[in-house]
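# Working through the structure, step by step
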Amino acid sequence: MKNLVDRLRCRRTLTVEEYKQLLLCRDAEVTDYLHRQAREETFARFGNKIFIRGLIEITNRCRNNCYYCGIRKSNSRITRYELTQEEILECCREGYRLGFRTFVLQGGEMPDIKDEWMENIVACIRRSFPECAITLSLGEKSYGTYERFFRAGANRYLLRHETCNTQHYRKLHPADMSLAYRLQCLDWLKEIGYQVGTGIMVGSPYQNIHHLVEDILFIERFRPEMIGLGPFIPHHDTSFAAFAPGNAGLCLKLISIFRLMLPAALIPATTALATLAPDEREQGILAGANVVMPNLSPQKRRADYSLYDNKAFAGAEAAEGLRELKERLERIGYEVSGERGDYENGKRKV
Ligand code: SAM
């Protein structure tokens, strides 16, 4: 089985059957070998440097009803909020002071958000922090809207496809949402010039090995600059409350597979992974991840951005806990990078 790992590292691809074998393999020696090879690839490109992104959760209002998500429209048990422009700028100022050079503005799909409002915020951050990267993660929009945000100064966009199997997509989302439109959005984002991130929840309800291989093949074809993988974690106020969380080991394996497939990709050790167990963040890095996204949202709002139960937002998952993060990374031989961390040959920089 180690020869599959070697082949993936050498040719950057495997056959459907080979991907399946690797995902199903339970031999700890092979898994260690996979992580080690992925780690070597990461080290060859990025050394021991880990990029940090300050995550600002700008709103938990959402017009969608994704069955897995705690901020889904019909969850009436959370307190809804929307940060003001000044609050968002204050988060950026604080982040800048702490050493962040990328701000990620994430939120639900605000039902009545005005493009101008968002465009103004992006433009204002761009003017105030000219050397910083602005990443948006605001869900599905029109081509025109993505273009406006890009022109205003956004550089990157995160939009996980969640699954690229139509039947599986339907199990995770109600009928008014469409996989075809989500994939269309990803193509548009690329066309416009964003550095694009996509990805999946590992172990989402009804996901099987065939779906995972389809996702691997999609990412191989799409070649995103960023790949976000986190375990599904149930939220008590959703219809998926009783499902088991995704498996951290499988998540780590996928991180390694994507590192070997797309060596220059920016791959975070996600908050969902760190929520399963704090040292899973470090395991993610040892499996080939090279990005961490501490929470930079106002502290009083963090608990309301409850995508899943017990979401970590303190300690090393918090911007103000950067010292703890640095210590944890040092213990495994890594350092926080002070750079903004664009994709190599970064498409248009500011
Ligand atoms: N609205 C934007 C979008 O749809 O891309 C961004 C916000 S959305 C809440 C961000 C990501 O959270 C989703 O892409 C999904 O993968 C993740 N997420 C939501 N619920 C989750 C859960 N129960 N467990 C793990 N991840 C979850």
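Here we summarise the structure given alongside this text. Here the structure is a predicted model, which is why all the values come from computation and not from measurement.

Bringing the site of the ligand into the picture now. Around the ligand sit 18 residues in total, of which Y68, G107, R160, E162 and I233 are the nearest. Here E162 contributes a side-chain N or O atom positioned 2.5 Å from an oxygen atom of the ligand. I233 is positioned with one of its backbone polar atoms (N or O) 2.7 Å from a nitrogen atom of the ligand. In the complex, 92% of the free accessible area of the ligand, which totals 560 Å², lies under the protein chains. Its residues placed into classes, the shell around the ligand shows 10 nonpolar, 5 polar and 3 charged.

What follows deals with the nonpolar core. Within the largest apolar cluster, 105 residues are counted, with the highest numbers of intra-cluster contacts made by F103, L105, I125, L136 and Y194. Sorting elements by how many residues they give to this core places helix α10 (residues 248-261) first, with 9 residues. When residues no more than four places from it in sequence are discounted, the contact partners of F103 are G54, I56, C92, G95, Y96, I125, F129, C132, A133, I134, T135 and L296. Core analysis: the second largest hydrophobic core is formed by 8 residues, F46, M226, L266 and V291 among them.

Enumeration over the complete set of coordinates arrives at 29 salt bridges. The salt bridge partner of E41 is R9, with a shortest N-O separation of 2.9 Å. In this pair, E41 sits in helix α3 (residues 28-46) while R9 sits in helix α1 (residues 2-11), placing the two residues 32 residues apart along the sequence. According to the relative accessible area criterion, R9 is partly exposed, its value standing at 23%. Between E335 and K49 there is a salt bridge whose closest N-O contact spans 3.3 Å. Residue E335 is found in strand β9 (residues 335-336), and its partner K49 is found in strand β1 (residues 49-52); the two are separated by 286 residues along the sequence.

Tracing the backbone through its elements, the reader meets R93 in helix α4 (residues 85-98). For R93 and S128, which are 35 residues apart along the polypeptide, the C-alpha to C-alpha distance reads 8.9 Å. Each residue touching R93, except ones within four places of it in the same chain, is listed here: E86 and F129. At 3.1 Å, the side chain of R93 forms a polar contact with the side chain of E90.

On to the side chain of T238, then. You can see T238 is positioned in the loop between β7 (226-231) and α10. Apart from residues lying up to four places away in sequence, T238 is in contact with Y67, Y68, C69, G70 and R72.

Another aspect to go through is the layout of surface pockets. Space left empty within the atom packing is revealed by a probe, the size of a water molecule, rolled over the atoms. Considered as a void within the structure, the largest pocket measures approximately 250 Å³ in volume. As for the largest pocket, its lining consists of L23, L24, C25, R26, T31, I209, L212, N247, G249, L250 and K253. With 3 residues, the single largest contributor to the lining of the largest pocket is α10. In the lining of the largest pocket, the residues fall into 6 nonpolar, 3 polar and 2 charged.

Reading across the sheet, the 6 strands line up as β2-β3-β4-β5-β6-β7 and stay open at both edges, with parallel pairing between neighbours. Two strands lie at the open edges of the sheet, namely β2 (54-59) and β7, each paired on one side alone. Geometrically, the sheet is characterised by an average inter-axis angle of 20° between neighbouring strands, direction not taken into account. The sheet contact formed by β2 and strand β3 (residues 102-107) spans 5 bridges and is parallel. Residue pairing across strands places E57 opposite Q106, the latter belonging to β3. Contacts from helix α5 (residues 115-128) reach β2, β3 and β4 (133-137) within the one sheet, and its direction differs from that of β4 by about 160°. Helix-sheet contacts for α10 involve β6 (195-202) and β7, and the interaxial angle to β7 is about 170°.

Before going further, it helps to spend a moment on α5. In an α-helix, one turn spans 3.6 residues, which is why side chains three or four residues apart end up on the same side. Taking 1.5 Å as the rise per residue, α5 with 14 residues should run 20 Å; its terminal C-alpha atoms sit 20 Å apart, in good agreement. Every buried residue belonging to α5 is among D115, M118, I121, V122, C124, I125 and R126, and all of these are buried. As for α5, its buried residues are in contact with β2, α4, β3, β4 and α6 (143-152).

Where α1 contacts α3, the two axes come as close as 9 Å, and the packing angle between them is 20°. For the element pair α1 / α3, the angle class is roughly parallel. Helix-helix and strand crossings are classified by hand; for α1 and α3 the assignment is right-handed. Facing K2, V5, D6 and R9 of α1, the residues of α3 in contact are E29, V30, Y33, L34, Q37, E40 and E41.

This part is about the sheet that holds strand β8 (residues 291-292). Reading across the sheet, the 3 strands line up as β8-β1-β9 and stay open at both edges, with parallel pairing between neighbours. At either margin of the open sheet sits one strand with a lone partner, and together these are β8 and β9. Pairing analysis gives 2 bridges linking β1 to β8, with the strands arranged parallel. By the bridge assignment for β8, I52 is matched with V292. Across the sheet, helix α14 (residues 322-331) touches β1, β8 and β9, and the angle it forms with β1 is around 155°.

Reading the values: rules and limits
Residues numbered from 1 in each chain as written. Predicted model: local features only at pLDDT ≥ 70, side-chain atom pairs only at ≥ 80, totals over all residues. Heavy atoms only, no water. Near = heavy atom within 4 Å. Polar contact = N/O pair within 3.5 Å; in protein donor to acceptor, adjacent residues only side chain to side chain. Areas by Shrake-Rupley, 256 points an atom, 1.4 Å probe, with all protein chains shown as cover. Nonpolar A, V, L, I, M, F, W, Y, C, P; charged D, E, K, R; others polar. Core = buried A, V, L, I, M, F, W, Y, C linked by side-chain atoms within 4.5 Å. Buried < 20%, exposed > 50% of the residue type's maximum accessible area, 1.4 Å probe, protein only. Helix = DSSP H or I, 4+ residues; strand = E, 2+ residues; numbered from the N terminus. Contact = heavy atoms within 4.5 Å. Salt bridge = Lys/Arg side-chain N within 4 Å of Asp/Glu carboxyl O. 1 Å grid on protein atoms, 1.4 Å probe; cavity = no way out; pocket = protein on both sides within 12 Å on 5 of 7 lines; lining within 4 Å. Points joined across faces, edges and corners; volume = space filled by probe spheres on them. Pairing = 2+ DSSP bridges. Axes fitted to C-alpha atoms, helices over the stretch in contact; angles between N-to-C directions. Expected span 1.5 Å × (residues − 1). Parallel < 35°, antiparallel > 145°, perpendicular 65-115°, else oblique. Left-handed = near helix turned anticlockwise from the far one by under 90°.

Read these as layout, nothing more, since geometry by itself doesn't imply function.
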